[in-house]
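# Inside the fold
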There are 2 protein chains.
Amino acid sequence: MESGYRYQALERWLSQGICDRRWRVGERLPSVRALCHQHGVSKATVQHALRRLEAQGLVEARHRSGYFVALQLGDIEKPQPGDLIDGPRSVSVNDLLLDIMRRSAAFDLLPQHGCGDLPPGIVSLNRSIGRSLRRQRGETQHYYDEPAGVPALREQLALHHSRRGWSASADDLCITSGCQHALFLALMACCDRGDVVAVESPGFYGVLQLAEQLGLQVIEMPASMESGLDIDALEKALARWDVRACVVSPAFATPGGAVMPEPAKHRLLRLGRQHDLAIIEDDIYADTAFESPPDPLKALDTDNRVILCSSFSKSLSRDLRLGWVSGARWHDRIVHLKLVTQLAGSRYVQQGVASFMADGSLSAHLRRQRQALRANRDHLIGKLQDWPCDVRVCVPRGGLSVWVALPHHVDTLKAYRPALAEGVVITPGPLFSISDQYRNCLRISYAHPWDAPRARALEGLPRLLLRN
Amino acid sequence: MESGYRYQALERWLSQGICDRRWRVGERLPSVRALCHQHGVSKATVQHALRRLEAQGLVEARHRSGYFVALQLGDIEKPQPGDLIDGPRSVSVNDLLLDIMRRSAAFDLLPQHGCGDLPPGIVSLNRSIGRSLRRQRGETQHYYDEPAGVPALREQLALHHSRRGWSASADDLCITSGCQHALFLALMACCDRGDVVAVESPGFYGVLQLAEQLGLQVIEMPASMESGLDIDALEKALARWDVRACVVSPAFATPGGAVMPEPAKHRLLRLGRQHDLAIIEDDIYADTAFESPPDPLKALDTDNRVILCSSFSKSLSRDLRLGWVSGARWHDRIVHLKLVTQLAGSRYVQQGVASFMADGSLSAHLRRQRQALRANRDHLIGKLQDWPCDVRVCVPRGGLSVWVALPHHVDTLKAYRPALAEGVVITPGPLFSISDQYRNCLRISYAHPWDAPRARALEGLPRLLLRN
């Protein structure tokens, strides 16, 4: 061991190892006991060195799990926001993008791969739904759910939202068949054919497809991967065009996990009031926050013009097909549209999820899921740092995916079919726009654990993307 | 005992009793043993008398249950079909009709009354869904169902339809969230705002509400309670107006259970071809047939223009929220609309129902349900015959309701709120039209058993309806 304090030598050794990538981002360092043994030092010395590395941001302690190599962000450049397209356009989604949309909804490089055990949260959820089925009594199968959905579930959801600064009541909420269904009802309620809708770019493709089906025009607003929708650009667009609605994802927007800062939220609401906009808030990723989720835009909505849409699909299970909408001044019309287009939802499922929430199982599930997502994200970012090309990425603190910008000669759309032929589903950038932007970008998800087959698929991505 | 054969005396005595309404329609006669004892005759004599009454159509034998008073139809007049309204109209449904629609969907005079045990078919269905939930494996909760729905369920449905002369394949079917959702997707796929849709009058209010929301114009075609849509009237309307689609219920149409005769089906298909119509077939009541269900119109569709819509809501459970659509030449667009508006359905439910069908449980359930519906219908018709006014009704052989025409001074719409104040939900005639016809008519359902509270509600109906 070299001169100086023994903890300093150990600190240098560890720091050098991280620098040389002996341990990768997200990887666990040797245990305290192992380091003591290996370096012939005391436990206190090891802990002192580790705490100093933690203070430098090189490692992070995880409760009961040890020390892990932390993400180093200084050397990653961020992708640029998109361009403002030059006026409202009608939407026409081609078949290739449709195919990509269907496959990409699973957020998985290997969508046929799903295996292993169900997470304990889902086992407990399924038990709760099973109990709810067994508790059905005479003739209940003959009646329809009330149009807004089962009150017990709406009450639990109101409580859930109240922890994020929005004191909703059960009457403010309507249960839907998922968030896409909520967005559909919202757009159908507040827009007419031909109306213009402002969207984030890059932004959620589901909204673009809805606009196409409802005959709405779309105007793309640049969105950064850090702070989301560019409010300056929106302000200019509103001055020039007659925009009816704005769809926005303030909490961990797909594709890149942007979070809208508070001042931007206030500006957006002011613009909404000035231009009589309907503001449709896609809140679906809020519960994937690694720390506490930001308050929704809806919490600041004193003007009753923010329609909040969300679902359990990202936080719990896509197979539930349960979402919700709070429709502000359009709420009655939304409930009516739901009634007329599909009468009702399944009560037993709603009752099952309401019990699952009431007994604290949802919170427990979200806690476990956050830890897993964070580890998955770190693994992904660590791998991206090794790609043999310029990679720009913004590291999200929630959501399920990162937005990766590659050198301009890369064409992710062209790489889609060859990748698919090898069983790998990539999500090319152009899916997130109607103006053929982002050919050099793609969304990569960390929703799923990086087990061996998925990690191999990730390792193979640069080859698939860069070979053209 | 009088002169003549002893069986003749017994026959006269029973026949007189039925005439005097000592036993009501649908009521069980005293058992063979009781009649032997009471009249001091042999079992053979009693059976001979009963068989003679059966031959006259006065009683009917039910397997293992004895002899019941049969329905006498000779003295009931049928309601008149509606009037052809004099051109296409846009639809505007008022709040009262909306309220009625929500409450009437349960087909129950006492919608809060449901109690007692679940039917064995539903218990077994719930078990099957519970098993399907327990069989979920790792990460399946992360994936979406395929857009058209679970293949195993579509295969079972194709098999189910093949028994009715339509050799569908799983690829011809798309799973929906119920029949209303199927009708919505069908109308959205084949019509544009402003298009004209021909409907039956009286006919299903759900279609009228969809037309309102989709901005479609409606033209009402008279429909009889026996044979459904008046094809002559349709032919005249098609010659005069540009009609895009026709929604029709050939099997046990609501409100009155009409069945379209085969020749009318062929004429309708010919008209469809001549005028390039989309024909939307609402097949939801087919499985409630007391005998074997008629073949669907779709079975005769050589021109790929009949969109069949159906669901399990009337035959199995409304809380399943499972329907299906076979979209003919519009099928791809329908699947796409389903994908864009709500992504997917729940796989575990579809898998559960598929097993339930595969193990024969659906067929067994339908057999039991038919018997129950038939008994419920007979009780209702028997009661209607006693009402203190002219009652016209057509006796259906399937479906869940009868259409009752009362004297012209009766106003069923006016009776709705006072009835509701007494806890009774009536379904007034004007709900089934957009032209304020049928004020003197109402739909009465026999979907639910006539237990004491419901039977009391039925007894009280004439007072509620006739007091004005």
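By convention here, each chain's residues receive numbers from 1 onward along its written sequence. A letter from A marks each chain and a number from 1 marks each ligand, given out in the order of writing. This being a predicted model, a pLDDT of at least 70 is required before a residue's local features are given, and a value of 80 or more before pairs of side-chain atoms are given or counted; all residues contribute to the totals for chains, interfaces and linings. Water and hydrogen atoms were dropped before computing side-chain values, which therefore reflect all heavy atoms in the structure.

Under an unreviewed UniProt entry, chain A has the name GntR family transcriptional regulator and belongs to Tamilnaduibacter salinus. UniProt positions are given in the numbering used here, feature names are shortened, and annotations may be inferred rather than shown by experiment. In UniProt, chain A has this text filed under Sequence similarities (unreviewed entry): "In the C-terminal section; belongs to the class-I pyridoxal-phosphate-dependent aminotransferase family."

## Overview of the overall build of chain A
Only DSSP runs of H or I covering at least 4 residues are called helices, and only runs of E covering at least 2 are called strands; the numbering of each starts at the N terminus. Helix and strand counts for chain A come out as 15 helices and 17 strands. For chain A, whose C-alpha radius of gyration is 24 Å, the value lies close to the compact-globule estimate of 23 Å for 468 residues. The dimensions of chain A, computed from C-alpha atoms along their principal axes, are 75 × 55 × 45 Å. Taken over 468 residues, chain A has a buried fraction of 63%. It only takes one pair of heavy atoms within 4.5 Å for two residues to be counted as in contact. When contacts within chain A are restricted to residue pairs at least 6 apart in sequence, those whose partners lie at least 24 apart make up 74%. For the radius of gyration, the atoms used are the C-alpha atoms, and the globule rule reads 2.2 Å times the number of residues raised to 0.38. Working definition: with a 1.4 Å probe on protein chains only, accessible area under 20% of the residue-type maximum means buried, over 50% means exposed, and in between means partly exposed.

## Quick look at unusual backbone geometry
Most peptide bonds take the trans configuration, and most residues that are not glycine carry a negative phi. All names here are of chain A. Here the bond from T254 into P255 is cis, since omega is 5 degrees, no more than 30 degrees from zero. Tracing the backbone through its elements, the reader meets P255 in the loop between β9 (251-253) and β10 (258-259). Backbone geometry places F252, a non-glycine residue, at a positive phi of 60 degrees. In this structure, F252 sits in strand β9. A positive phi angle, near 50 degrees, is found at A328, a position not held by glycine. Position of A328 among the secondary structure elements: in the loop between β13 (323-326) and α11 (331-342). Of the residues examined, A328 reaches a relative accessible area of 13% and is grouped as buried.

## Re the relation of the copies chain B and chain A
Overlaying chain B on chain A yields an RMSD of 0.2 Å, the required transformation being a rotation through 180 degrees with an accompanying axial translation of 0.1 Å. Such a combination of turn and shift is consistent with a two-fold rotation axis. Among all C-alpha atoms of chain B, that of B:G130 lies closest to the rotation axis, at 2.7 Å. Of the residues that chain B buries at the interface, 100% are likewise interface residues in chain A, meaning the two copies contact each other through the same surface. Least squares is the method used to superpose the copies, on C-alpha atoms of residues holding a pLDDT of at least 70 in both.

## Overview of the interface of chain B and chain A
Counting residues at the interface gives 66 residues for chain B, matched by 66 residues for chain A. Salt bridge, as used here, is a side-chain nitrogen of Lys or Arg placed within 4 Å of a carboxyl oxygen of Asp or Glu. In this structure, the connection of chain B to chain A is made through two salt bridges. Across the salt bridge formed by B:D319 and A:R347, the nearest N and O atoms sit 3.7 Å from each other. Pairs of N or O atoms within 3.5 Å make up the polar contacts considered here, provided that, within protein, one atom can donate a hydrogen while the other can accept it, and that residues adjacent in sequence are counted only when both atoms are side-chain atoms. Our enumeration of links across chain B and chain A arrives at 20 residue pairs in polar contact (both at pLDDT 80 or more). Mapped onto the side of chain B that touches chain A, the elements with two or more residues apiece are α4 (95-104), α5 (120-134), α7 (179-190), α8 (205-214), α11 (331-342) and α12 (347-358) of chain B.

## Some words on helix α9 (residues 231-240) of chain A
Residue and element names in this part refer to chain A. Every buried residue of α9 is listed here: I231, A233, L234, A237 and L238. Along α9, the residues classed as buried sweep out an arc of 150 degrees about the axis, all on the same side. Residues of α9 that are exposed and angled more than 90 degrees away from the buried face: K236, A239 and R240. Those residues of α9 that are buried lie in contact with β5 (196-201), β6 (217-224), β7 (228-229), β8 (243-248) and α10 (262-274). By arc we mean the arc of the directions from the helix axis to the C-beta atoms, nothing more.

## Some thoughts on the domain arrangement of chain A
Quite often, the size of an interface is put as the accessible area lost when its parts meet. Residues and elements named next belong to chain A. The domain limits used here are those given by an automatic or database domain assignment. What the domain assignment reports for chain A is domain 1 (6-69), domain 2 (89-93 + 119-361) and domain 3 (368-466). One C-alpha centre belongs to domain 2, the other to domain 3; they are set 26 Å apart. Counting from both sides, the interface comprises 28 residues of domain 2 and, opposite them, 24 residues of domain 3. Take the accessible area each of two parts loses on contact, using a 1.4 Å probe, and add the two losses: that sum is the buried area. For the pair domain 2 and domain 3, the summed buried surface comes to about 2,400 Å²; carbon and sulfur atoms form 57% of the total.

## Quick word on the sheet that holds strand β14 (residues 392-393) of chain A
In a beta sheet, neighbouring strands pair by backbone hydrogen bonds and run either parallel or antiparallel. Residues and elements named next belong to chain A. Two strands are counted as paired when DSSP detects at least two bridges linking them. Pairing within the open sheet is antiparallel, and its four strands lie in the order β14-β15-β17-β16. Each of the sheet's edge strands pairs with one partner strand only, and the pair in question is β14 and β16 (427-428). Bridging between β14 and strand β15 (residues 401-405) involves two bridges; their strand directions are antiparallel. Counterpart to R392 in the pairing with β15 is A405.

## Some points on a positive patch on the surface
Grouping into patches uses exposed residues only, defined as over 30% relative accessible area, and leaves out salt-bridged ones; the cut-off is 9 Å for like charges and 5 Å for nonpolar side chains (Val, Leu, Ile, Met, Phe, Trp, Tyr). To measure how exposed things are, a 1.4 Å probe is used in the Shrake-Rupley method; for residues, cover is taken only from the protein chains shown. His residues and chain termini do not enter the charge count, which takes Lys and Arg as positive and Asp and Glu as negative. In this description, the location of a charge corresponds to atom NZ of lysine, CZ of arginine, CG of aspartate or CD of glutamate. A contiguous patch of positive charge on the surface is contributed by A:R127, A:R131, A:R134, A:R135, B:R127, B:R131, B:R134 and B:R135. What makes B:R135 exposed here is its relative accessible area of 58%.

## Remarks on the pattern of salt bridges
Counted under the stated rule, the structure contains 48 salt bridges over all chains. Here A:E291 and A:R397 are joined by a salt bridge, their closest N and O atoms 3.0 Å apart. Of this pair, A:E291 sits in the loop between β11 (278-282) and β12 (306-311) while A:R397 sits in the loop between β14 and β15, and the two are 106 residues apart along the sequence. Look at A:E291 and you get partly exposed, because its relative accessible area is 37%. The closest approach of N and O atoms between B:K383 and B:E459, which form a salt bridge, is 3.0 Å. Here B:E459 lies in helix α15 (residues 452-466) and B:K383 lies in helix α13 (residues 361-384), a separation of 76 residues in the sequence. On the basis of relative accessibility, which here comes to 18%, the residue B:K383 falls in the buried class. Through salt bridges with shared partners, a single network forms among A:R273, A:D276, A:D303, A:R305 and A:R329.

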